[in-house]
Each structure stands twice: as structure tokens, then as C-alpha cells.
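Summary of the model geometry
The residues making up each chain are set out below.
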Amino acid sequence: MVTINTAEDILTALRSDPELLRQVRLAIMTDDVLALPEQVQSILQTQSETLADIADLRRIQNEILADIADLRQTQNRILADTADLRQTQNEILADTADLRQTQNGMLQTQESILQTQSEILRHLENLHTRFGRMDHDFRNFRGNFAETAARKSAFDIAILISEANGLDLVYTSVETLNQNARVQLVDNRQFAALPLATRRSYAKADVIISAATSDGSTFYIAVEASYTCDGRDTSRAMSHSRLLTQFTGKRAFPAIAGVRLDRTIQPLLDSGDIFWYPIEEEEMEPEETD
């Protein structure tokens, strides 16, 4: 057993006997003091947890700050893109305005063109009408000239037709019948029974030729003259020749005289149903008067 005389002896005894040291501590320390290590440990643990939470908060804060930085960067990009879009939109609006202005100019030009075109068409229509009248008048002139040329060629026509049909022509008998003379050939009763168009056509026949053969018989030639002879001329000539035969009982020949032929009447010429007398253009001059 350790003898204790001094404080140092007490300390030596406590150092050498752990159980004694524990008993002394229990005897000296209060419950509060004994609880301090546990409390300190709890505080340390709490502090550690707090520091960990602070570290987590700082980390989260840093993440939030990073997200905010990203958001700000994204926002700046959006603002920049919005500015670009606004600038592009303004350029589109400006281009649209230019296009609208150009379109308006084109519409005005088109309207002017249409107006000019309408005026041109109106002028062309007037010209067409004028040329139509001129062509009609010219055809009439040419028809009159052809009729004059056929009348001048009556003797030649009579010679050719008599030769083609084996007739012994008395040349001194050839004459062209004026309207009064051709009217004298008709039978009034028969003539009145004809359709009005047929009577008028006969009255206006271009040329009627009367001739005789050496045996004393008379024959007639009904001639229709045109610059270009067509089906209308052949129909009139054949109708007039039939009427002459009907009125007089004499033989009558249909003939056409002109510079050109409508090819549709060629079969009538080939068959010999009608005689064609060609006229040279030089012969188509108006008849001279004294």
C-alpha cells in the first residue's frame, strides 16, 4: 500500500493505480463534469455535421451560382439571338416594303402595258376592219376588172368553146348581150315562177355571149368572172346556162374566167362540165370610156 504524506504522493498513487484514479475522479467530478466529454463529443459531432451541411450548402450555392451563370450566359445568348432576329425581321420588313414597292411599280407598268395593249388591239381591230373593207373593195375592183377582161375576151371565149365542142362558128355572129337583150330571151311566165334569188342572179350575170354556127343554129355562153374563180362562180355559170337553155331551147355552155382557180372546182374542169378561160393580170384593167 502506498504511504501518502504529500500531494506528490497522492499524484504518484493515482498514476500508479488506474482504478484508484477512476474512483477518485468519480468521487471528485460531478455528473455535469462527467457528462462534458459526451457533450463535447456531441458538440463536435454536431459541429462536424454543421460543417458538412455548410460544405453542402456552399457546394449547392456554388452549383446555384454556376447555374445562374449558365442562365445568364443563356439569357445573353437569347438576347443576342433576339437582337439578331429583330434585325433580320427589320431587314425582312424592309425587303418586303421594297418588294411591295417594286410590285406596285410592276402592277402600274402592267396596267400601262395592258392599256397600251388595249389601244394596240383597238388600233389593230380598226386596221382589220379598214383592211377588211379595203380587201372587200379590192375584191370588188378585181371582180369588176375580171368581168371587163372577160367581156373584152368574149370573141376569144366563143372561139375556144366552139373548137372544144366541134361547132362551126360563124365569127361575125359573136356578140355580148346587154341586160335588155338577155331579158328578151326569157319567158315571162317561166321567169316569174323562179325563186327571187335565181332571177336576180340571172339579171346580174357577168357576161352572156350569143353566137351562131354555120347551119344557122344559135348557142349561148354564160360566163362568170372573178380574180379567183371558186364554187360560187361555177354554180352561177351553170345555173345561168341551164336557164338560157330552158328559156330559148338552145344549147348553152357555162364558163368561168379568172386569173386563179380554187382547187376545189378542178374536178368540174377535168370532167368538162364547165369551161375555164384564164385571164392574164395585165388584162385586168378598167374598160376605157370615150
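To start, this report covers the structure provided alongside it. Bear in mind that the values here come from a model prediction, so they are computed numbers and not experimental data. (Residues numbered from 1 in each chain as written. Predicted model: local features only at pLDDT ≥ 70, side-chain atom pairs only at ≥ 80, totals over all residues. Heavy atoms only, no water.)

Description of the overall build of the protein
Which entries qualify depends on this criterion: Helical segments are the DSSP runs of H or I of at least four residues, strand segments are the runs of E of at least two, and each set is numbered from the N terminus. The criterion used for residue contact is that any of the two residues' heavy atoms lie within 4.5 Å. Each accessible area is a Shrake-Rupley result for a 1.4 Å probe, and residues are judged covered by the shown protein chains and nothing else.
In terms of regular secondary structure, the protein is built from 9 helices and 7 strands. Pairs at least 24 residues apart make up 62% of the contacts formed inside the protein by residues separated by at least 6 positions. Working note: accessible area of the protein is about 20500 Å², and carbon and sulfur atoms make up 53% of it.

Some thoughts on the nonpolar core
Under the convention used in this document: For this analysis, a nonpolar core means a set of buried residues of the types Ala, Val, Leu, Ile, Met, Phe, Trp, Tyr and Cys, connected via side-chain atoms within 4.5 Å. Summary of the burial criterion: residues with accessible area below 20% of their type's maximum are buried, those above 50% are exposed, and those between are partly exposed, where the area comes from a 1.4 Å probe applied to protein chains only.
Core analysis: the biggest nonpolar cluster contains 24 residues, and Ile 157, Ile 209, Phe 219, Ile 221, Val 223, Ala 257 and Ile 279 have the highest contact counts within it. Looking at this core, the elements that each hand over two or more residues are α3 (31-152), α4 (154-164), β1 (169-176), β2 (207-213), β3 (218-225) and β5 (251-258). Apart from residues no more than four positions distant in its own chain, Ile 221 is found in contact with Ile 157, Ala 158, Ile 161, Val 207, Ile 208, Ile 209, Phe 253 and Ala 255. In this structure, Leu 185, Tyr 202, Ile 208 and Ala 252 belong to the second largest nonpolar core, which totals 14 residues.

Quick notes on the sheet that holds β1
Operational definition: Two strands pair under a simple rule: DSSP has to find at least two bridges between them. What counts as an axis is a line fitted to C-alpha atoms, over the stretch in contact for a helix, and the angles between N-to-C directions run from 0 to 180 degrees.
As summarised here, the arrangement of the 5 strands in space is β1-β2-β3-β5-β7, forming an open sheet in which the pairing is mixed. Unpaired on one side and paired on the other, β1 and β7 (275-278) mark the two borders of the sheet. Averaged over all pairs of adjacent strands, the angle between their axes in this sheet comes to 30°, without regard to strand direction. When β5 meets β7, the two strands line up parallel, connected through 4 bridges. Bridge assignment links Ala 255 to a residue of β7, and that residue is Phe 275.

Observations regarding the pattern of salt bridges
If the charged atoms of two oppositely charged side chains come close together, the side chains can form a pair. Going by this rule: Any Lys or Arg side-chain nitrogen found within 4 Å of a carboxyl oxygen on Asp or Glu counts as a salt bridge.
Evaluated as defined, the whole model comprises 4 salt bridges. The closest approach of N and O atoms between Glu 147 and Arg 151, which form a salt bridge, is 2.8 Å. Linking Glu 147 with Arg 151, this pair stays in helix α3, spanning 4 residues, or about one helical turn. Here the salt bridges share partners, and the residues they tie into one network are Asp 56, Arg 59 and Glu 63.

Overview of a nonpolar patch on the surface
What counts here: Like charges within 9 Å and nonpolar side chains (Val, Leu, Ile, Met, Phe, Trp, Tyr) within 5 Å are joined into patches, using only residues over 30% in relative accessible area that form no salt bridge.
Where nonpolar side chains cluster on the molecular surface, the patch consists of Ile 28, Met 29, Val 33, Leu 36, Val 40 and Leu 44 and spans about 490 Å² of accessible area. No other element matches α3, which puts 4 residues into the nonpolar patch. The class for Met 29 is partly exposed, based on a relative accessible area of 33%.

A short note on the environment of Ser 173
Put simply, the rule is: Nitrogen and oxygen atoms within 3.5 Å of one another constitute a polar contact, given that in protein one can donate a hydrogen and the other can accept it, and given that sequence-neighbouring residues count only through two side-chain atoms.
Within the secondary structure, Ser 173 is located in strand β1. For the pair Ser 173 and Ile 209, spaced 36 residues apart in sequence, the C-alpha to C-alpha distance is 10.0 Å. Here Ala 212 takes part through its backbone nitrogen, which lies 2.8 Å from a polar atom of the side chain of Ser 173.

Structural notes on the packing of aromatic side chains
Inclusion rule: Put simply, two rings from Phe, Tyr or Trp (the six-membered ring, in Trp's case) pair if the centres are within 6.5 Å, and we call them stacked under 30 degrees between planes, edge-to-face over 60, tilted for the rest.
Tallied over the entire structure, the rule returns 5 aromatic pairs. Plain terms: the ring middles of Phe 191 and Phe 247 are 5.8 Å apart, the flat faces sit at 65° to each other, and that makes the pair edge-to-face. Of this pair, Phe 191 sits in helix α6 (residues 188-193) while Phe 247 is found in helix α8 (residues 231-248), placing the two residues 56 residues apart along the sequence. Of the two residues examined, Phe 191 and Phe 247, each falls in the buried class. Between Phe 219 and Phe 253, the aromatic rings sit 5.8 Å apart at their centres with planes inclined by 80°, giving edge-to-face as the arrangement. Residue Phe 219 is found in strand β3, and its partner Phe 253 is found in strand β5; the two are separated by 34 residues along the sequence. Using a relative accessible area of 8% as the deciding quantity, one classes Phe 253 as buried. Clustering of aromatic rings is evident, with ring pairs tying together Phe 191, Tyr 202 and Phe 247.

Considering the packing of helix α7 (residues 196-203) against α8
Quick note on the threshold: Just so you know how the angles are binned, under 35 degrees is roughly parallel, over 145 roughly antiparallel, 65 to 115 roughly perpendicular, and the rest oblique. Residues are grouped as follows: nonpolar covers Ala, Val, Leu, Ile, Met, Phe, Trp, Tyr, Cys and Pro; charged covers Asp, Glu, Lys and Arg; every other residue, Gly included, is treated as polar.
Axis separation between α7 and α8 bottoms out at 10 Å; the angle between their running directions is 90°. As the angle between them shows, α7 and α8 are arranged roughly perpendicular. In this structure, α7 uses Thr 198, Ser 201 and Tyr 202 to contact α8, whose residues at the interface are Arg 236, Ser 239, His 240, Leu 243, Leu 244 and Phe 247. When grouped by side-chain class, the residues that make up the contact of α7 with α8 number 4 nonpolar, 4 polar and 1 charged.

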